[in-house]
Amino acid sequence: MFCVVWNKIEKSLIKTDILEKMRRGSRYFVERKNCQSLWLITLENSTTDFCFSDRFSVYFNGCVYNKEELQKLLPNSKDCSIAHIINQLYQIYGTFLFEKINGLFVVIIIDTLKRNVLIARDRFGWKSIYYHISKNKILISDDFLLLKCTIPYQRLSLDAEAISSIIGCRFVPWYKTIFQQIHKVEPAEFISFMLDSWKLKKHKYWTPSIIWAEFSQKEFDTKYLTMIQTIKNAVSDISILLSWGVDSAAVFLALNRCSQKNHLAYTAVFEEVENKEWNHNSTFSETACDESNKAFQIVSYYNGIYHKLLLNTEISWKTFDDLQKVLWEPICVSNALWLYLLSKKLINPSKALMSGTGADELLGGYEALYFWKKKELSQDSSMFDLFESFSDFDNSDYDLYSLLKNKFINKSYIKSFLNQIANINTKKISTLNQITLFELSFGLPNRELMMADKIFANIGAVAIPGFLENDFLDYCLSIPDTDKKNKNPLRGFMMGKIPQEIVKQPKIPSLSTPLVFKNSKMFQEKIRNLRDNPFFIRNKRKIKVFIKKCYDESSFDILYRIVYLDSRLKANYKKYEHIPVIY
């Protein structure tokens, strides 16, 4: 984790007492780089790669899959770090360099001659990168809390549009954060900031393009194995987060075919739902079940190493608050609790943990999720229709925005973002590809990838999505809807290689954290706290009515979202209660 600071006026960087607030108990290092105006703050054990020359400063965090290809573009670069390679390639290719990097990354390049700062993020949005621009200073960091602590809280204000978006979709998408003065770089985007004119420009270096081609199962199998081999060559010591679904099963199968070793697989289940099978008649919030037995079948089929981890919903306030600190930004998704508890159970984890993330988004798996109760979605459905379904998978009749005071209700930001997604591809496209575009821009970077990255980085591991690689993504966008419906290409890849009941297993739209969590002592206390003393943005009267109705009808997805956000705001933003809110 790092923070880059450029001072327009050459003076002392930051007081030590502010730095101490960033990470109590952690060592930090403050250095001047290249010139009097540039400072670097790094934390002890930071994995960020740096390269400094007379003219350029490069900061890199992430995982590059095609390092060998990039090295071939440079002579004598075999033993160079990726930051050094990026430094050299940028001098040759300029910003076209970002198109050539295949992997998951954030990059900062500072050119002291042209006095220009570039900030780039990979096309999937795996790593987050934040920035703050004031009258005399620009701050850039991959750690939201680290950046926040460098800004006096009197200069920060909560953003009403961001708060409304959390209510509607569980997180803040696009370029905003919960603070009006802190922004983030979008996926597949680089930002150029001129230090003389103090002006910022945004550029997209990649946008998804849907051009159908004839589907071949043999070609799909080859493409998928090539992708897994590419990732494996770049990342050593990989374990798998395994369920009984086809996504992670395909990852386990492909990894074993691409290597000579037996990979370690983990499955986690809450004790409260151990041995519980999925009920087709359940609501979305009630669908947590035990997948460990079938996961064990998959591992046994290939003589792998299997660990079953038992979790418990009776957690402490501290555990819940620690999860919120790890996630930095509010991400009100109950799956994060399951993932966090799983990560804390891992002993001496592998350097990389690979999951089936990306398969549903690219190969039609989320049709079951969006059509869960809303049968009216069709090819004529808009991005706004998908957002309405995404906002409440239980298809309840709750008006979540009514829980806010009127002055905090502002949907214009979300509407602008949905319009931008709709304009990515103006021609009429099929329902599954609409969902793909929506998820690539919306849920995938702002929820699943950000959540997994931060939780596993907290234990010193890298979360690798098993289906997100540049070439494979472009290929999947060429598969017609009729061929990728129900993830049939993936099922075809596994046919004859694992038990048929797993190959044919339907997508289970579910929350990994079971509904019984709402009965835990800690969560009940959080609910009472929300009811009796809601954060100042809340409509107190409607909150009380909502809690009773929501609790009785078991809409856990919504209840968790409201409780989590209120807890997060009180714990971290209470001192902002009496400062301006930007409407």
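Please read these numbers as outputs of a predicted model, since none were measured by experiment.

(A) Structural context of the overall build of the chain. For the chain, the count of helices and strands is 24 helices and 19 strands. Counting over 583 residues, the chain shows a buried share of 61%. When contacts within the chain are restricted to residue pairs at least 6 apart in sequence, those whose partners lie at least 24 apart make up 74%. As presented, the chain carries roughly 23400 Å² of accessible surface, and 48% of it is formed by carbon and sulfur atoms.

(B) Molecular detail of the packing of helix α10 (residues 317-327) against helix α22 (residues 521-532). Between α10 and α22, the shortest axis-to-axis distance is 9 Å and the interhelical angle comes to 70°. Here α22 runs roughly perpendicular to α10, going by the angle between their axes. Of α22, the residues touching α10 (which contributes Trp 317, Phe 320 and Asp 321) are Met 522, Glu 525, Lys 526 and Asn 529. Along the lines of polarity and charge, the residues of the contact of α10 with α22 split into three nonpolar, one polar and three charged.

(C) How the structure looks around the pattern of salt bridges. Scanning the model with the defined rule gives 20 salt bridges in all. Taking the shortest distance from any N to any O, the salt bridge between Lys 184 and Glu 329 comes out at 3.3 Å. With Lys 184 in strand β11 (residues 183-184) and Glu 329 in the loop between α10 and α11 (335-345), this residue pair connects regions lying 145 residues apart in the sequence. In terms of burial, Lys 184 and Glu 329 fall into one category: buried. For Lys 570, the salt bridge is made with Asp 566, and the minimal N-O distance between the two is 2.8 Å. In this pair, Lys 570 and Asp 566 both sit in helix α24 (residues 556-573), four residues apart, roughly one turn of the helix. Residue classification places Lys 570 among the partly exposed positions, given a relative accessible area of 21%. According to the relative accessible area criterion, Asp 566 is buried, its value standing at 2%. Taken together, the shared-partner salt bridges connect Asp 159, Glu 161 and Lys 176 into one network.

(D) Molecular detail of helix α9 (residues 292-301). Among all positions in α9, only Ser 292, Ala 295, Ile 298 and Val 299 are buried. Take α9 and look down its axis: the buried residues cluster within an arc of 115°, on one side only. On the buried face of α9, the contacting elements are α8 (246-257), β15 (264-270), β16 (305-311) and α21 (500-503).

(E) How the structure looks around the packing of α10 against helix α17 (residues 443-457). Where α10 contacts α17, the axes come no closer than 9 Å and their chain directions differ by 110°. Judged on the interaxial angle alone, α17 and α10 are roughly perpendicular. Taken as a pair, α10 and α17 cross one another with a handedness that is right-handed. Contact residues: α10 offers Leu 323, Val 326 and Leu 327, while α17 offers Met 451, Lys 454 and Ile 455. Among the residues making up the contact of α10 with α17, the classes are represented as five nonpolar, no polar and one charged.

(F) Structural context of the sheet that holds strand β12 (residues 189-194). Reading across the sheet, the six strands line up as β4-β5-β6-β7-β12-β13 and stay open at both edges, with antiparallel pairing between neighbours. The sheet is open, and its two edges are formed by β4 (49-52) and β13 (199-204), each paired on a single side. Taken pair by pair, the neighbouring strands of this sheet meet at an average axis angle of 10°, ignoring direction.

(G) Highlighting the nonpolar core. Ranked by internal contacts, the top residues of the largest apolar core, which has 182 residues, are Phe 220, Tyr 224, Phe 438, Phe 442 and Phe 546. A total of nine residues in this core trace back to one element, the largest contributor, which is α24.

(H) How the structure looks around the packing of aromatic side chains. Evaluation of the coordinates by the stated rule reveals 40 aromatic pairs. Relative to Phe 523, the ring of Phe 517 lies with its centre 5.0 Å away and its plane at 45°, an arrangement referred to as tilted. A connected cluster of aromatic rings, assembled from ring pairs, spans Phe 171, Trp 174, Tyr 175, Phe 387, Phe 390, Tyr 413, Phe 417, Phe 438 and Phe 442. Positioned above the aromatic ring of Phe 390, the side-chain terminus of Arg 170 is 5.1 Å from the ring centre.

(I) Layout of the sheet that holds strand β18 (residues 462-465). Pairing is parallel in the open sheet, where five strands are placed in the order β16-β15-β14-β17-β18. Single-partner strands in this sheet number two, and they are β16 and β18. Here the strands of the sheet are splayed against their neighbours by 30° on average, with no regard to which way each runs. Two strands pair when backbone bridges link them, and strand β17 (residues 352-355) and β18 are joined in this way by four bridges, in the parallel orientation. Within β18, the position partnered with Ser 355 by the bridge is Pro 465. Seen against the sheet, α11 touches β14 (238-241), β15 and β16 and runs at an angle of roughly 120° to β16.

(J) View of the environment of Asp 221. Mapped onto the elements of the fold, Asp 221 is located in helix α7 (residues 217-234). Of note is the side chain of Asp 221, whose polar atom sits 2.8 Å from the side chain of Gln 217.

(K) Looking closely at the pairing of β13. Note that β12 and β13 share six bridges and pair antiparallel. Across the sheet, Ser 192 pairs through a bridge with Lys 201, a residue of β13.

(L) View of helix α6 (residues 160-169). A large share of α6 lies buried, amounting to ten of its ten residues. The complete set of buried residues in α6 reads Ala 160, Glu 161, Ala 162, Ile 163, Ser 164, Ser 165, Ile 166, Ile 167, Gly 168 and Cys 169. Here α6 starts with a cap whose side-chain oxygen sits 2.9 Å from the backbone nitrogen of Glu 161, and that cap is Asp 159. After α6 finishes, the residue Arg 170 shows a positive phi value of roughly 85°.

(M) Up close: unusual backbone geometry. Although it is not a glycine, Arg 170 sits at a positive phi angle of roughly 85°. For Arg 170, the position within the fold is in the loop between α6 and β11. Of note in this structure, Trp 328 is not a glycine but carries a positive phi near 65°. Its place among the elements puts Trp 328 in the loop between α10 and α11.

What counts, and at which threshold
- Residues numbered from 1 in each chain as written.
- Predicted model: local features only at pLDDT ≥ 70, side-chain atom pairs only at ≥ 80, totals over all residues.
- Heavy atoms only, no water.
- Helix = DSSP H or I, 4+ residues; strand = E, 2+ residues; numbered from the N terminus.
- Buried < 20%, exposed > 50% of the residue type's maximum accessible area, 1.4 Å probe, protein only.
- Contact = heavy atoms within 4.5 Å.
- Areas by Shrake-Rupley, 256 points an atom, 1.4 Å probe, with all protein chains shown as cover.
- Axes fitted to C-alpha atoms, helices over the stretch in contact; angles between N-to-C directions.
- Parallel < 35°, antiparallel > 145°, perpendicular 65-115°, else oblique.
- Nonpolar A, V, L, I, M, F, W, Y, C, P; charged D, E, K, R; others polar.
- Salt bridge = Lys/Arg side-chain N within 4 Å of Asp/Glu carboxyl O.
- Arc of directions from axis to C-beta.
- Left-handed = near helix turned anticlockwise from the far one by under 90°.
- Pairing = 2+ DSSP bridges.
- Core = buried A, V, L, I, M, F, W, Y, C linked by side-chain atoms within 4.5 Å.
- Phe/Tyr/Trp six-rings, centres within 6.5 Å; stacked < 30°, edge-to-face > 60°.
- Lys NZ or Arg CZ within 6 Å of the ring centre and 35° of its normal.
- Polar contact = N/O pair within 3.5 Å; in protein donor to acceptor, adjacent residues only side chain to side chain.

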